[in-house]
Amino acid sequence: MNGPGDTLDSLKLGITKRYGNKTVLDNLELDIQKGEFVTFLGPSGCGKSTALSIVAGLIAATEGEIRLNGARVDHLPPEKRAFGMVFQNYALFPHMTVFDNVSFGLTLKPLSKEEIKKRTDAMLKLVQLTGYEDRYPGQLSGGQQQRVAIARALVLHPRLMLFDEPLSNLDAKLRVEMRAEIKQIHAALGLTSIYVTHDQAEALSLSDRIVVLRNGVLMQSGTPQEIHDRPKNVFVADFMGFRNFFKVRIASVSDGIAEGVGDGIRIRARAGSVVRADADMVMAIRPDDIRAGTEVAPGTENIRGQVEVVEYLGREQEAAIRINDNTRVWLRTAQSIRMADTIGLQFPIDKVVLLPAE
Amino acid sequence: MRAVANDEKNEFDALAFFCLLPSLLYVLCMFVYPFLYGVYLSLQPQKIDGFSFANYLAFFSDPYQYGTIWITFSLAIPTTIVVLLLALWLAYGMRRGIFMERTVTTILIMPISLGVILLSEGILGFYGSQGWFNQVLIGLGIIKEPFILTHNYAGVMLALFMQQFPFCFLMLLGYISGIDPSLERSARMLGATPSIVFRRVMLPLIAPGLAIAFALVFVMSFAVFPSAIMLGQPAGTTRTISIAAYQKAFEQYDMSAASAIAVVMGLCQLAALLVIILFRRRLSPAATMGVGKR
């Protein structure tokens, strides 16, 4: 066999998955390089977990191929791929102790007992579970169970780590801690990882590259910063927390600045080369990028409206401001806002993104 | 390491007891009393005044009587093992669902709804020496003489198998499909082939279910009565212990001796259950900790 070797230099995906007439993954193409941390991000049902399972070999793609270092691996069963996987519900073997869980994969290899013990102990130390060897999974907390699950996969030195929403069963505080641990382990061991999540904060904080999926279609792929600041379409923008969308017609484009009119307001944004006048587009801005003041600064074009909803978020508040009969704008600010206040809003030109109409 | 705190209270809970009362009464009236009465009866032989072990001594000194214990075991144990292995194999194969699952399952469990007598009649007709089964094989020239599958040991085995299999299959299917499928996937990702997954992950988790299924199928098979008469040789090779008790009670009208035989039968079943329980404990001591269905 023209084998792919023991390490991962590159992983190339081009996969399609259909169930009957339903396409759950539509020719997902991706190149992953050694050491990268790639995240599949999207709402439930977007195909991200399916994609991960196909990479793992747990389900077969309908069409396409997976190439590891140039050699096809999509015909290999999961146990021959030497990938590690961490599951959402941990999937620890309930009838085995922590030690037996972690050493399970090692016992399937031709290794001596001493070697198995040495590697298992070292891995338990890495995930800070020394002293828990004889416990059963049912006697551990969620965070500890997830650390066992990670150790169990890592102890085999997998050439690729797959994470299937590993933190979604943990409480908010623990999730943030484990997130940091995963990132640290990824860097310390020089892993290559694919991570699946529906949580944009998780994706942003962990990834070198984020792949946003919707209904099995790749919507955008890029660095966290690109995805965060420059979403390419309404779906990605919506997912990344742009809460304000305005359907506009481009009134003019000059000096790289496009002016859009629609929904009863006039907004300006930096325009790329492809934007032309009279095009129907969508302009979007995050609630926290809008500047607000009860006093309308003279000389600037302002949008005014009345506060309709106030959500208290701790340090800040998020408020819905009625601009006209059809349009509300969401604003996030540390200033105090009260219901029925009249507020002036400014949309900083660099913060407004211009998106194709859906 | 932290000690696990024991918050359970040992106080008498009147409400809980009140709620428990109906089932407690049921067990007392329908099981404990008849059982104790049977034991009492068995110790008062017809021809002797006062308590005596005469019935038991008589049973264990007559090979025609104590031989039924061996006959019954030799029917019940092989039946139970065959039923269990086949049901396990089929249920394991169907654990993730199969094509036309409902139809297949319905067909498999059909015999439960038919009742023992109808089933036995059917087996007599179908597998008898003049039945379709042998006629077809002879007609096709595969065999010259019919297989003798009725009125012998094989006939009773066949009937027991058909009665017990659906029940056992359903039980194991429920048990196995209740095991988290990601356990299997994670084992595969750790390098285990399907056979290693079965041996090291699934089987230990199925074991408690297998033990329960074994116990139930065995107890029911051990009490075999109608099919042993209809499909077997009730005077010879398939004279099971329940037939011996029946004959004492309703042919010789010796209720006391019949009770003694019934008590022996119960003790045999109990002994087998104890063996299962001990075996289970040794097999995987951890399985007492909420393994399997969660």
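Remember, it's a predicted structure, so these values are computed and weren't measured experimentally. (Residues numbered from 1 in each chain as written. Chains lettered and ligands numbered in written order. Predicted model: local features only at pLDDT ≥ 70, side-chain atom pairs only at ≥ 80, totals over all residues.)

Observations concerning the overall build of chain B
Link 1 in the chain: Counting secondary structure elements, chain B contains twelve helices and zero strands.
Link 2 in the chain: When its helices and strands are written in sequence order, chain B yields α-α-α-α-α-α-α-α-α-α-α-α.
Link 3 in the chain: Along the longest, intermediate and shortest principal axes, the C-alpha atoms of chain B span 70 × 65 × 30 Å.
Link 4 in the chain: Taking all 294 residues of chain B together, the buried fraction comes to 31%.
Link 5 in the chain: In chain B, the share of contacts with a sequence separation of at least 24, taken over all contacts with a separation of at least 6, comes to 74%. (Helix = DSSP H or I, 4+ residues; strand = E, 2+ residues; numbered from the N terminus. Buried ≥ 20, exposed ≤ 12 C-beta atoms within 10 Å, placed from the backbone. Contact = placed C-beta atoms within 7 Å.)

A few points about helix 5 (residues 142-154) of chain A
Residues and elements named next belong to chain A.
Link 1 in the chain: In this model, helix 5 (13 residues) spans 18 Å end to end at C-alpha, consistent with the 18 Å of a helix rising 1.5 Å per residue.
Link 2 in the chain: Counting buried positions over the 13 residues of helix 5 gives ten, a clear majority of the element.
Link 3 in the chain: Those residues of helix 5 lying buried are Gln 145, Gln 146, Arg 147, Val 148, Ala 149, Ile 150, Ala 151, Arg 152, Ala 153 and Leu 154.
Link 4 in the chain: The inward-facing, buried residues of helix 5 contact strand 6 (83-86), helix 3 (98-107), helix 4 (113-126), strand 7 (160-164) and helix 6 (172-188). (Expected span 1.5 Å × (residues − 1).)

Quick notes on the pairing of strand 19 (residues 342-346) of chain A
Residues and elements named next belong to chain A.
Link 1 in the chain: Here strand 19 shows a clear split, with Ile 343 and Leu 345 buried on one side and none of Thr 342, Gly 344 and Gln 346 buried on the other.
Link 2 in the chain: Relative to strand 19, strand 15 (residues 291-293) is paired through three bridges, and the arrangement is antiparallel. Residue pairing for strand 19: Gly 293 is matched across the bridge by Gly 344.
Link 3 in the chain: Two strands pair when backbone bridges link them, and strand 16 (residues 303-312) and strand 19 are joined in this way by four bridges, in the antiparallel orientation. Paired with Ile 303 across the two strands is Leu 345, which belongs to strand 19. (Pairing = 2+ DSSP bridges.)

Notes on the domain arrangement of chain A
Often, the extent of an interface is quoted as the loss of accessible area on bringing the components together.
Residue and element names in this part refer to chain A.
Link 1 in the chain: What the domain assignment lists for chain A is domain 1 (10-234) and domain 2 (242-356).
Link 2 in the chain: In this structure, domain 1 and domain 2 have C-alpha centres spaced 39 Å apart.
Link 3 in the chain: Between domain 1 and domain 2, the residue contacts involve four residues of the former and six residues of the latter.
Link 4 in the chain: When the residues that make up the side of domain 1 that touches domain 2 are grouped by side-chain class, the tally is two nonpolar, one polar and one charged. (Domains from an automatic or database assignment. Nonpolar A, V, L, I, M, F, W, Y, C, P; charged D, E, K, R; others polar.)

Notes on the sheet that holds strand 11 (residues 244-254) of chain A
Residue and element names in this part refer to chain A.
Link 1 in the chain: On the basis of which strands lie adjacent, the open sheet formed by five strands has the order 13-12-11-14-20 and antiparallel pairing. Since the sheet does not close on itself, it has two edges, and those belong to strand 13 (265-270) and strand 20 (353-356), each with one partner. Going from strand to strand, the sheet's axes swing by 45 degrees on average, the running direction of each strand aside.
Link 2 in the chain: Pairing of strand 11 with strand 12 (residues 257-262), which is carried by five bridges, proceeds in the antiparallel orientation. By the bridge assignment for strand 12, Ser 254 is matched with Ile 257. (Axes fitted to C-alpha atoms, helices over the stretch in contact; angles between N-to-C directions.)

Structural notes on the interface of chain B and chain A
Link 1 in the chain: The interface of chain B with chain A comprises 22 residues on the first partner and 21 residues on the second.
Link 2 in the chain: Elements represented by at least two residues in the side of chain B that touches chain A include exactly helix 8 (181-189) and helix 9 (194-222) of chain B.

Topic: the confidence of the model for chain B
Residue and element names in this part refer to chain B.
Link 1 in the chain: For chain B, per-residue confidence averages 88 on the pLDDT scale, and residues scoring 70 or more make up 93% of the total.
Link 2 in the chain: Mean pLDDT across the secondary structure elements of chain B bottoms out at helix 4 (residues 101-114), with 85, and peaks at helix 8, with 95.
Link 3 in the chain: Counted against residues more than four places away or in other chains, residues 1-6, with its pLDDT under 50, gives one contact.
Link 4 in the chain: Taken as a whole, residues 287-294 scores under 50 in pLDDT and shows 19 contacts with residues more than four places along the chain or in a different chain.
Link 5 in the chain: For this predicted complex, the interface score ipTM comes out at 0.84, alongside a pTM of 0.83. (pLDDT = per-residue confidence, 0-100.)

Here we look at the nonpolar core
Link 1 in the chain: Residues Leu162(A), Met283(A), Leu172(B) and Ile261(B) are the most contacted members of the largest nonpolar core, which totals 154 residues.
Link 2 in the chain: Take this core: its biggest share by element is 14 residues, from helix 7 (residues 153-177) of chain B.
Link 3 in the chain: Shared between two domains, this core holds at least three residues of each, these being domain 1 (10-234) and domain 2 (242-356) of chain A.
Link 4 in the chain: Beyond its immediate stretch of four places on either side in the chain, Leu162(A) contacts Leu52(A), Val55(A), Ala56(A), Phe83(A), Gly84(A), Met85(A) and Ile194(A). (Core = buried A, V, L, I, M, F, W, Y, C linked by C-beta atoms within 7 Å.)

Points about the sheet that holds strand 10 (residues 217-222) of chain A
All names here are of chain A.
Link 1 in the chain: Strand order in the open sheet formed by six strands is 6-7-8-3-9-10, and the pairing between neighbours is mixed. One side of each edge strand has no neighbouring strand; the edge strands of this open sheet are strand 6 and strand 10. On average, each strand axis in the sheet is tilted by 15 degrees relative to the strand beside it, whichever way the strands run.
Link 2 in the chain: Note that strand 6 and strand 7 share four bridges and pair parallel. Its bridge partner lying in strand 7, Val 86 is registered against Phe 163.
Link 3 in the chain: Against the sheet, helix 5 engages strand 6 and strand 7, with an angle of about 175 degrees to strand 6.

Remarks on unusual backbone geometry
Residues and elements named next belong to chain A.
Link 1 in the chain: Phi angles above zero are rare outside glycine, and Asn 27 is one such case at about 45 degrees.
Link 2 in the chain: Summarising the element assignment, Asn 27 is placed in strand 2 (residues 22-33).
Link 3 in the chain: According to the C-beta neighbour criterion, Asn 27 is partly exposed, with 15 such atoms within 10 Å.
Link 4 in the chain: Here the phi dihedral of His 157 falls at roughly 50 degrees; this positive angle occurs in a residue that is not glycine.
Link 5 in the chain: When you line up the elements, His 157 lands in the loop between helix 5 and strand 7.
Link 6 in the chain: Assessed through the 14 C-beta atoms surrounding it within 10 Å, His 157 is described here as partly exposed.

Considering the packing of helix 3 (residues 63-93) of chain B against helix 9 of chain B
Residue and element names in this part refer to chain B.
Link 1 in the chain: Between helix 3 and helix 9, the shortest axis-to-axis distance is 9 Å and the interhelical angle comes to 140 degrees. Our pair here, helix 3 against helix 9, has a crossing hand that is right-handed. The segment helix 3 lies against helix 9, with Thr 72, Leu 75, Ala 76, Thr 79, Thr 80, Val 83, Leu 84 and Leu 88 engaging Leu 210, Ala 213, Phe 214, Val 217, Phe 218, Ser 221 and Phe 222.
Link 2 in the chain: Looking at side-chain class alone, the contact of helix 3 with helix 9 contains eleven nonpolar, four polar and no charged residues. (Left-handed = near helix turned anticlockwise from the far one by under 90°.)

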